[in-house]
Amino acid sequence: MKTVLTRPVAGQKAGTSGLRRQTRDFMVPGFLENYVQSILNGIGGAAGKTFVIGGDGRYFNQEAIQTILRMAAANGAEKMIVGQNGLLSTPAASHLIRLHGTDGGFILSASHNPGGIDADFGLKFNMPNGGPATEAVTDAIFAQTTNISEYYIAEAGDIDLATLGQTSLAAMQISVVDPVADYVALMQTLFDFDEIRVLFAGGFRMTFDAMHAVTGPYAKAVLEDMLGAAPGTVINGTPLPDFGGGHPDPNPIWAHELMGIMTGPGAPDFGAASDGDGDRNMIVGRGAYVTPSDSLAVIAANAHLAPAFADGVVGVARSMPTSGAVDRVAAAKGMDCFETPTGWKFFGSLLDAGKVRLCGEESAGTGADHLREKDGLWAVLIWLNIIAKTGKSVSELMTDHWAAYGRNYYTRHDYEAVESATAATLMQELEDRLPDLAGQGFAGLTVQSADVFAYDDPVDGSRTTGQGIRIRFDKDARAVLRLSGTGTKGATIRLYLERLETRGDKLHLDAQTALAEVIAATDEITGIAARTGRKGPDVRT
Ligand code: G1P
Ligand code: ZN
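Note that the structure is a prediction, hence the values are computed from the model and not measured.

Cut-offs applied
- Residues numbered from 1 in each chain as written.
- Chains lettered and ligands numbered in written order.
- Predicted model: local features only at pLDDT ≥ 70, side-chain atom pairs only at ≥ 80, totals over all residues.
- Heavy atoms only, no water.
- Pairing = 2+ DSSP bridges.
- Helix = DSSP H or I, 4+ residues; strand = E, 2+ residues; numbered from the N terminus.
- Axes fitted to C-alpha atoms, helices over the stretch in contact; angles between N-to-C directions.
- Near = heavy atom within 4 Å.
- Polar contact = N/O pair within 3.5 Å; in protein donor to acceptor, adjacent residues only side chain to side chain.
- Areas by Shrake-Rupley, 256 points an atom, 1.4 Å probe, with all protein chains shown as cover.
- Nonpolar A, V, L, I, M, F, W, Y, C, P; charged D, E, K, R; others polar.
- Donors = N, O, S within 2.8 Å, 3.2 Å for Na, K, Ca; no water.
- Tetrahedral: all angles 85-135°; square planar, octahedral: opposite > 155°, others 65-115°.

Draft legend 1. Main features of the sheet that holds strand β15 (residues 315–319). Taken in spatial order, the 4 strands of this open sheet run β16-β15-β17-β18, and their pairing is mixed. Whereas interior strands pair on both sides, the edge strands pair on one side only; in this sheet they are β16 (336–340) and β18 (365–368). The sheet shows a mean angle of 15° between the axes of neighbouring strands, taken without regard to direction. As paired elements, β15 and strand β17 (residues 358–361) share 3 bridges and run parallel to each other. Residue pairing for β17: V316 is matched across the bridge by L358.

And the structure:
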């Protein structure tokens, strides 16, 4: 037992996906310990409990796991299930929590943020259902950080995480497990592996960019070893502590190596990438990038082709800033459709209640009821299953989809590392003006309504407020503004722009061009470029 003399963790509030800070912050003596003790106190203690633990392999992963193991033992945990070498993708961790019916799990990751001593680290606690901690639990953890007075840690050496099998730390059992095997077994129950094998055997070629992050071993096992994709299909497949110096964020900006391959000579038929901890995905055909919002819609429209959804899809959910493409599929196919705040935890309650089977976010997260996290490799496999069953290329699937449902042109503009006070003032002043916006014209569009999104969970009745500003225009256009909850430097303002197009001859425009009016109207309303002192957004996806 140790007494806390300083509280470097005081007031640390977890964002949409756990606590993310610069790695050096996490390494400040006492920071990790105080936060872990705050989690354990916040969930009502660890005595007699079993937890899963693993991370994406970034710098400080194994050291942090060793500390958490010692603390779990000192707090009376009965058992810890650890991924070999400290590795577990977020989806694999979610699966292990559910498979073994544990009391939750610790996932060490800052997702798609860069890794390394001068980059980012993160820790999140997942619930017994396998999903991210609910608001009530993160609030309880937060409250603990402000008044924690001691933490408990066993005095013991490091555990060998390289060797599979059982070991112990004081009275606590530790089981070091293969991080890949159970996850792969789950995927086999969901998809038609035989059909996909036939696809690859027929010469179908793909490139999967693991971005030097955790999905390399998973993707190799599934795509190359089981489905017969050619050796070398998986690139950047060895997890590195600094992800090779890159941002392991699967979008056209950061996955530029893959984009180059997919638009270059001899491009394969299909490309995909996943992020640091394996929950995000990018889907790209030969010369055809699929936005995450469109991907969700295509998956919903074709899900019945995969064995997991042979009985149909009762409902779908998307985060509020995600485009309305999936809404159109749901309406046509009689599926219920839910709009939730950003962050996977809001899907969990709908999934647990059986109200939805598919969900997705514009930020490259897609998933289903097999887990309570988004799942990068799952998204890749359902696309492969759809391609194998339809015999269509990605661009044929997109063309047919837009012809059937219309196209929701979509883009996200991020203004990063904005001074926090500037961002807060901008959002507050805009919020104050919302009641006056309706009926006003901006750059050729008229505002129809404007509000701040609040969400009433239809299952547990909880209300979540302040979830971003929505501005609805005429011409089926929409703009959304919200502050990121996952950034580690200053504030990130996200601007989400969308417009539905159903005219047959206008379905193949460049998105920025198709959205020019919405972009101009939103800039006129918010003055965001001028107020942040930028020429334009830092990132457009
Ligand atoms: C971002 C994404 C959000 C996602 C979260 C965790 O959060 O926008 O959709 O759930 O990462 O992966 P944000 O930084 O916008 O709060
Ligand atoms: Zn992630």
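Draft legend 2. Seen up close, the site of ligand 1. Taken together, the neighbourhood of ligand 1 is formed by 15 residues, with S363, S484, G485, T486 and R494 sitting nearest. At 2.6 Å, a side-chain N or O of S363 approaches an oxygen atom of ligand 1. Between ligand 1 and G485, the relevant distance is 2.6 Å, taken from an oxygen atom to a main-chain nitrogen or oxygen of the residue. For ligand 1, whose unbound accessible area comes to 380 Å², protein coverage reaches 99%. In terms of residue class, the shell around ligand 1 is built from no nonpolar, 8 polar and 7 charged.

Draft legend 3. View of the coordination of the zinc ion (ligand 2). Binding of the zinc ion (ligand 2) to the protein goes through S111 (OG), D275 (OD), D277 (OD) and D279 (OD), at separations of 2.0 to 2.1 Å. Seen from the zinc ion (ligand 2), its 4 donor atoms lie at angles of 86 to 161°, and the figure they make is irregular. Here the donor residues of the zinc ion (ligand 2) are spaced in sequence according to S-x163-D-x1-D-x1-D. Of this pair, S111 sits in the loop between β5 (105–108) and β6 (120–126) while D277 sits in the loop between β12 (270–274) and β13 (281–285), and the two are 166 residues apart along the sequence.

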